[in-house]
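Geometric and topological summary
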Amino acid sequence: MNAPTTVEPPAPKSARRTGRELILATKPFQDEDVARSWSELFATLAVYSACIAGVALAPWLVLQVALAVLAGLVQFRLFSLYHDHNHGSVLAKSPAGRRIMSAIGVFLLTPRSVWKETHNFHHWNNGKLEWASIGSYPVMTSEQLEDADADTRKAYRRTRHWLGILGGYITVGIGGMCLAAFRRAPKRHWVGPVAIVLHVAALVVVSLLASPLLAALCVFAPTFVNHAFSSYLFYAQHNFPETRFFSRDEWDYTEAALHGSSYLVMGPVMRWLTANIGFHHIHHLNSKIPFYRLPEAMAAIEELQDPHRTSFAPRDVLACLELDHWNPQAQAMRTAPDLQQQACETNSAQIVVT
């Protein structure tokens, strides 16, 4: 008789790492390829320059507008490289790199002193309800909204409104990064008004040397597109249907990174234009990883491969934009109609009890 076939039991799944152990697993991906960092920066500057030249030389207005929008998306990639540099992951040890990135920050209306102050705070407090408005968009709980007066509720919803996000050029760039920061700390953030003056000067000079239309297409439009795009990205990376927010007592750095930050699914073109900023859950776990190594880290580390996803599909964009507040009981973001329904149910219950 043949001996019975023995079936090997499946290998046990490795225990999922968290906390310090998971962060340590990402550290090998912090190593920067300096030559690649420089080549990525120069390639981005070259593509941006080509787009602006195309706007100036294109024979048709439709083509000029299309190239201006593309220039705005490439400008966002430039911002993403600047963002990585300020985290110390790209060209952080290069004096020349620091000077170039500082100039880029002024050009983009996001001065280094302001960006580092607010964005570093955001990273160290990501997912904390009480600090959600610093470096990101404010989040109120259902109870806070119910208790707030009408003016407070209007101001809160105005800040999160899609028009405010689309107008990030004014609300975030000029208003927040340049003017509000300067009013808060003039000696520390004096570069903000300088950035605005230089931006306006560029508009005036191009208008005088060429035409107001060309100034709008070469200077204003790319900056507007960049800020609108970046404002939505920073919104959607922390305001998506499955996001989590935490009280101070329950907050954990790793949990906030993995469950309070999204993975924005994109194709290869958009990944290039955004410099992989869609891998936001990994970036929040370890901001020292250069953008070009984020896909590598995700492919190598099992715990990073099942993130909360969103995308640029209209359905996903709408699902993010309609989120209104955090419901602590449901442990989920909810819409404004949900709050109204909850209030109606509470009132009905009170009437029945009475």
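The structure this text deals with has already been given above.
Now for a quick tour of the structure.

Thresholds, definitions, all that
- Note that residues are indexed from 1 along each chain, following the sequence as it is written.
- Two thresholds apply to this predicted model, a pLDDT of at least 70 for residue-level local features and 80 or more for giving and counting side-chain atom pairs, whereas whole-chain, interface and lining totals are computed over all residues.
- Calculated side-chain values reflect all of the structure's heavy atoms, with hydrogen atoms and water omitted.
- Between 30 and 60 degrees the pair is tilted, below 30 it is stacked and above 60 it is edge-to-face, where a pair is any two Phe, Tyr or Trp rings, Trp via its six-membered ring, whose centres lie within 6.5 Å.
- Secondary structure elements follow DSSP: runs of H or I of four or more residues count as helices, runs of E of two or more count as strands, with numbering from the N terminus.
- Each residue is placed in one exposure class: buried if its accessible area under a 1.4 Å probe, protein chains only, is under 20% of its type's maximum, exposed if it is over 50%, and partly exposed if it falls in between.
- Helix axes are fitted to C-alpha atoms over the stretch in contact, other axes to C-alpha atoms as well, and angles between N-to-C directions run from 0 to 180 degrees.
- Comment on the angle field: the value is read as roughly parallel under 35 degrees, roughly antiparallel over 145, roughly perpendicular from 65 to 115, and oblique elsewhere.
- By definition, residues are in contact when any of their heavy atoms lie within 4.5 Å.
- Under the scheme applied here, ten amino acids are nonpolar (Ala, Val, Leu, Ile, Met, Phe, Trp, Tyr, Cys and Pro), four are charged (Asp, Glu, Lys and Arg), and all others, including Gly, are polar.
- Take the residue count of a helix, subtract one, and multiply by 1.5 Å to get its expected span.
- Directions pointing from the helix axis toward each C-beta atom define the arc.

Counting across every chain of the model gives 19 aromatic pairs. Aromatic side chains phenylalanine 76 and phenylalanine 79 sit 5.8 Å apart centroid to centroid with 45° between the ring planes, which places their arrangement in the tilted category. Taken together, the residues span about one helical turn, with phenylalanine 76 and phenylalanine 79 both in helix H3 (residues 61-86) at a distance of three residues. A centroid spacing of 5.1 Å and a plane angle of 85° characterise the contact between phenylalanine 76 and phenylalanine 229, whose relative ring orientation is edge-to-face. Here phenylalanine 76 is found in helix H3, whereas its partner phenylalanine 229 is found in helix H11 (residues 212-236), with 153 residues between them in sequence. Here phenylalanine 76 falls in the buried class, since its relative accessible area comes to 0%.

Contact geometry of helix H9 (residues 168-184) with H11 gives a least axis separation of 8 Å together with a crossing angle of 90°. With respect to their mutual orientation, H9 and H11 come out roughly perpendicular. Mapping the contact onto sequence places Gly168, Tyr169, Val172 and Gly173 in H9 and Phe220, Thr223, Phe224, His227 and Ser231 in H11. The residue makeup of the contact of H9 with H11, split by class, is four nonpolar, five polar and no charged.

This part is about helix H10 (residues 191-209). Over its 19 residues, H10 runs 26 Å from end to end, which matches the ideal 27 Å to within 8%, given 1.5 Å per residue. For H10, the full list of buried residues reads Val191, Gly192, Ala195, Ile196 and His199. Buried residues of H10 fall within an arc of 150° about the axis and therefore sit on the same side. Exposed side chains of H10 directed beyond 90 degrees from the buried face belong to Val197, Leu208 and Leu209. Close packing links the buried residues of H10 with helix H4 (95-107), H9 and H11.

Worth remembering: the numbers are spatial, not functional.
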